Amino acid sequence: QMWTFRFWLSQRLWNKIEYTESIEVLCNKIHPNSEEARADLCRRFPQMVQCRDAELFDCDLPVTFGVALEDLCNGFGVDFTDKTTGRWYP
């Protein structure tokens, strides 16, 4: 929780912190002009954060079981190297 850091952060920094409704809104604020950059940032959020965001907005939850490894890596920002084949999944 951010409140545990309230004594370590300056008032100026606290004034810059603002609440955002969802991952999508946050990504739009950070990269307003680049759809590609927004998509890349969105996939970098941990799966737990993406699931909670989907729950709050009654969207389909991200699925991991039965999903191809390449699709899973693309959806959750995880890079994986298969050591047996040497193939890299960005």
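Quick caveat: nothing in here was measured; it's all calculated off a predicted structure.

A. Structural detail: the confidence of the model for the chain. For the chain, per-residue confidence averages 81 on the pLDDT scale, and residues scoring 70 or more make up 86% of the total. No element of the chain has a lower mean pLDDT than strand β2 (residues 88–89), which averages 70, and none a higher one than helix α2 (residues 23–30), which averages 92.

B. Examining the packing of α2 against helix α3 (residues 35–43) more closely. Where α2 meets α3, the axes come as close as 9 Å, and the angle between the chain directions of the two elements is 135°. Classified by the angle between their axes, α2 and α3 sit oblique to one another. Read as a crossing pair, α2 and α3 show a hand that is right-handed. Contacts from Ile23, Cys27, Asn28 and Ile30 of α2 reach α3 at Arg38, Leu41 and Cys42. For the contact of α2 with α3, the class distribution of residues is five nonpolar, one polar and one charged.

C. The arrangement of the pattern of salt bridges in detail. Summed over the entire model, instances satisfying the criterion amount to five salt bridges. We note a salt bridge from Lys29 to Glu18, for which the minimum N-O separation is 2.5 Å. With Lys29 in helix α2 and Glu18 in the loop between α1 (11–16) and α2, this residue pair connects regions lying 11 residues apart in the sequence. By relative accessible area, Lys29 is classed as partly exposed at 47%. Several salt bridges converge on common partners, so that one network encompasses Asp40, Arg43 and Arg44.

D. Fine view of the side chain of Asp53. By the secondary structure assignment, Asp53 is in helix α4 (residues 47–56). For Asp53, which is buried and forms no salt bridge, the nearest opposite charge comes from Arg52, at a distance of 8.6 Å. Those residues in contact with Asp53 that lie beyond four places of it in its chain are Glu21, Ser22 and Ile23.

Basis of the calculations
- Residues numbered from 1 in each chain as written.
- Predicted model: local features only at pLDDT ≥ 70, side-chain atom pairs only at ≥ 80, totals over all residues.
- Heavy atoms only, no water.
- pLDDT = per-residue confidence, 0-100.
- Helix = DSSP H or I, 4+ residues; strand = E, 2+ residues; numbered from the N terminus.
- Axes fitted to C-alpha atoms, helices over the stretch in contact; angles between N-to-C directions.
- Parallel < 35°, antiparallel > 145°, perpendicular 65-115°, else oblique.
- Left-handed = near helix turned anticlockwise from the far one by under 90°.
- Contact = heavy atoms within 4.5 Å.
- Nonpolar A, V, L, I, M, F, W, Y, C, P; charged D, E, K, R; others polar.
- Salt bridge = Lys/Arg side-chain N within 4 Å of Asp/Glu carboxyl O.
- Buried < 20%, exposed > 50% of the residue type's maximum accessible area, 1.4 Å probe, protein only.
- Lys, Arg positive; Asp, Glu negative; His and termini not counted.

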